[in-house]
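Here are the chains, one letter per residue:
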Amino acid sequence: MSQFLLRAVLLCLFFTGAGVGKAAPAGNDEDAVGETVSLYLHGTSFNLRSDIDQAFYATARLYLDGQGDLVREMSAPEYAKLFSEENRAQFNGRFGRLISVDVTGTVATAKAEILMPKQGVRYVDVFLLKKIAGTWKIVSKSAYREDAPRHARKVLLVVSNAHQYPGTKVNTGNNFPELAYTFDAFRKAGYAVDFVSPDGGAVPLEMINTSDELLKRHLYDSDFMWALAHTKPVSEVKADGYAGIVFAGGGAAIVGVPENKALQDIALRIYEQQGGVIAAICQGTEGISNLKLKDGTFLIQGKVLTSFPDAYLNKESPVFKAYPFSVEGSIKRRGGKFVHGANGKSHVEVDGRVVTGMNWESSVGVAESMIRLFE
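Conventions used here
- Residue numbers restart at each chain and count upward from 1, following the sequence in its written direction.
- Per-residue local features of the predicted model are confined to residues with pLDDT of at least 70, and side-chain atom pairs are confined, for both listing and counting, to 80 or more; whole-chain, interface and lining totals are unaffected and use all residues.
- Working from all heavy atoms in the structure, the side-chain values ignore hydrogens and water.
- Helix and strand definitions follow DSSP, with helices as H or I runs of at least four residues and strands as E runs of at least two, each counted in order from the N terminus.
- Radius of gyration means the value over C-alpha atoms here, while the globule rule gives 2.2 Å times the residue count to the 0.38 power.
- Burial classification: accessible surface area is computed with a 1.4 Å probe over protein chains only, and a residue below 20% of its type maximum counts as buried, one above 50% as exposed, and the rest as partly exposed.
- Working rule for contacts: check all heavy atoms of both residues, and any pair within 4.5 Å makes them a contact.
- Here a polar contact is taken to be a pair of N or O atoms separated by no more than 3.5 Å, where protein atoms must pair a possible hydrogen donor with a possible acceptor and residues adjacent in sequence count only if both atoms sit in side chains.
- When DSSP finds two or more bridges between two strands, those strands count as paired.
- Note on geometry: axes are C-alpha line fits, over the in-contact stretch for helices, and angles between N-to-C directions span 0 to 180 degrees.
- Multiplying one less than the number of residues by 1.5 Å gives the expected span of a helix.
- Method remark: on a 1 Å grid restricted to protein atoms, a set of points is classed as a cavity if a 1.4 Å probe fits but cannot get out and as a pocket if it is open with protein on both sides within 12 Å along at least five of seven lines; lining residues have an atom within 4 Å of a point.
- Grid points are joined across faces, edges and corners, and a volume is the space filled by probe spheres set on the points.
- Residue polarity is assigned by list, with Asp, Glu, Lys and Arg as charged and Ala, Val, Leu, Ile, Met, Phe, Trp, Tyr, Cys and Pro as nonpolar; anything else, Gly included, falls into the polar class.

**Q** For this particular structure, what's the right way to read the overall build of the protein chain?
**A** Scanning the protein chain from N- to C-terminus turns up 11 helices and 17 strands. The C-alpha radius of gyration of the protein chain comes to 22 Å, within 12% of the 21 Å expected for a compact globule of 375 residues. Each principal axis of the C-alpha atoms in the protein chain carries an extent, and together these give about 65 × 45 × 40 Å. Going through the 375 residues of the protein chain one by one, you find that 53% of them count as buried.

**Q** Can you walk me through the environment of N174 in this structure?
**A** You can see N174 is positioned in strand β8 (residues 174-175). Separated by 35 residues in the primary sequence, N174 and V139 have C-alpha atoms spaced 38 Å apart. Discounting residues that sit within four places of it in the chain, N174 has contacts with V159, S160, L179, V203, P204, L205, E206, G249, G250 and A252. Within the structure, N174 has its side chain in polar contact with the backbone oxygen of P204 (distance 2.8 Å).

**Q** Is there a simple way to explain the sheet that holds strand β2 (residues 71-75) in this structure?
**A** Read across the sheet, six strands follow the order β2-β1-β6-β5-β4-β3 without closing on themselves; strand pairing throughout is mixed. In this open sheet, the two strands that pair with only one neighbour each are β2 and β3 (95-104). Strand-to-strand twist across the sheet, computed as the mean angle between neighbouring axes with direction ignored, equals 15°. In terms of strand pairing, strand β1 (residues 56-65) meets strand β6 (residues 135-147) through four bridges, oriented parallel. Residue pairing for β6: L62 is matched across the bridge by K141.

**Q** Any chance you could explain helix α11 (residues 363-374) here in plain terms?
**A** Every α-helical turn comprises 3.6 residues, leaving residues that sit three or four positions apart pointing alike. Taking 1.5 Å as the rise per residue, α11 with 12 residues should run 16 Å; its terminal C-alpha atoms sit 17 Å apart, in good agreement. Those residues of α11 lying buried are S363, G365, V366, A367, S369, M370, I371 and F374. Buried residues along α11 sit in contact with β7 (154-158), α5 (176-188), β12 (242-247), β13 (277-281), β16 (348-351) and β17 (354-357).

**Q** Whenever I open this one, unusual backbone geometry confuses me. Can you help?
**A** Peptide bonds are, in most cases, trans, and in most cases residues other than glycine have a negative phi. The backbone of N47 sits at a positive phi, close to 55°, despite the residue not being glycine. Although it is not a glycine, C282 adopts a positive phi angle of roughly 50°. Examined against the element boundaries, C282 turns out to sit in the loop between β13 and β14 (304-305). A relative accessible area of 7% means that C282 is categorised as buried.

**Q** I keep staring at the layout of surface pockets and nothing clicks. Help me out?
**A** The method is simple in principle: a probe with the dimensions of a water molecule rolls over the atoms, and the space it marks as empty is what remains. Taken as a whole, the largest pocket spans an internal volume of roughly 760 Å³. Residue lining of the largest pocket: 33 residues in total, with L98, I99, D223, W226 and A227 positioned closest to the centre. Looking at the lining of the largest pocket, the elements that each hand over two or more residues are α2 (29-45), β3, β5 (121-132), α5, β9 (192-197), α6 (213-219), α7 (222-229) and β11 (232-233). The element best represented in the lining of the largest pocket is α7, accounting for five residues. The residue inventory of the lining of the largest pocket, partitioned by class, reads 13 nonpolar, seven polar and 13 charged. Roughly 560 Å³ of volume is contained in the second largest pocket.

**Q** Sorry if this is basic, but what is going on with the pairing of strand β4 (residues 107-116) here?
**A** The side chains of a regular strand alternate between the sheet's two faces. With seven of its 10 residues buried, β4 lies for the most part within the structure. Direction of pairing for β3 relative to β4: antiparallel, over a ladder of nine bridges. Of the residues in β4, the one forming a bridge with V103 is A108. Count of turn residues in the β3/β4 antiparallel hairpin: two residues, of which G105 carries a positive phi of about 60°. The pairing of β4 with β5 spans 10 bridges and is classified as antiparallel. When the bridges of β5 are listed, A110 appears paired with F127. The turn joining β4 and β5, which pair antiparallel and follow one another in sequence, is formed by four residues; a positive phi near 65° is taken by G120.

**Q** Got a minute to help me understand the sheet that holds β9 in this structure?
**A** To summarise the sheet geometry, strands pair through backbone hydrogen bonds and adopt either a parallel or an antiparallel arrangement. Overall, mixed pairing links the seven strands, which are arranged β11-β9-β7-β12-β13-β17-β16 in an open sheet. The open sheet has two edge strands, β11 and β16, and neither has a second partner. Note: β7 against β9, five bridges, orientation parallel. In the strand pairing of β9, V158 is matched with V196. Contacting β7, β9, β12, β13 and β17, helix α8 (residues 261-273) crosses the sheet at an angle of about 135° to β12. The strands that α11 touches are β7, β12, β13, β16 and β17; relative to β13, the one it contacts most, it runs at about 175°.

**Q** How should empty space enclosed by the protein be read in this particular structure?
**A** This model, assessed by the stated rule, comprises two cavities of 30 Å³ or more. The calculated volume of the second largest cavity comes to roughly 40 Å³. Lining the second largest cavity, in full, are V158, V159, S160, N174, F247, A248, A253, V257, G284 and G287. Class assignment for the residues of the lining of the second largest cavity results in six nonpolar, four polar and no charged.

By themselves these figures say nothing about function.
Okay, here's the thing in structure tokens:
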């Protein structure tokens, strides 16, 4: 891979909407905090002391792991000197991304994930920031270290911004179990997950069941919910760096996603140019129904797929009466071979590098099938 292409891929990993060197929108402190943390991530990954110095307040303190159980304390300038000037602007193997931001007045906390795949190490950096003379600066940093897989792969999870079905007042949302179970399976395998939606920002959710232990844990996980409240707009996502893309379900998945050209371009780039995997769960299969390959044929043409079948739809429900829709019909119209399993049970189909799941119960199976294809 050329140095230019490598840098492009890594920049995609680093920045989460607040670009380095750009002024954040006036009054948007959360973006400004993200920009400061992004400066730190960029500087520590490319040995740029100037970026590190700019991110920290002059008298900031860092509390790092020392020998045994001791804490190693140092100043920001001392920390910056750990990054070699001889290798300035060269990638040093640290993949960084912003996890969350919490702003309270003129103080803020933020988290970032640092992956060092060659060493098999993952850090979670925790920052305390202060708004000083109108500029956010890191005033303190500490970190937690753990073992991690020796890769830095990412998966893109597609969600919808739609709150209601078109032409109706019937509410809809993204299937929370599918998001939580899919996210959890990828994270356990060491994959980073980014959420993308057509417009970005917070997305509506449905089917939240706090009697389910995993769903309850994710509902009260501030980092997970921050990611769903700050999904990346499709306009800011590049396909480079993603091993696969998953179109999540829920009623909202059939609105605003299937016809989104930018999402289609990202999915096809991952699939055709990068040899990646395309997946969909339940109604999310509608999101891949319009994908056309370079030869002009539909991606799903001739492939075996699954989704929630017409046979299990409640045609007496207010939702179906207000907005009758058949993903099964869409698959068949595009030349796909539709199959399904028992209601309430996991059913996953894998045809080449296309993976589909019938329902939310199939979420883990979809993620695990994708991981097998990756590896």
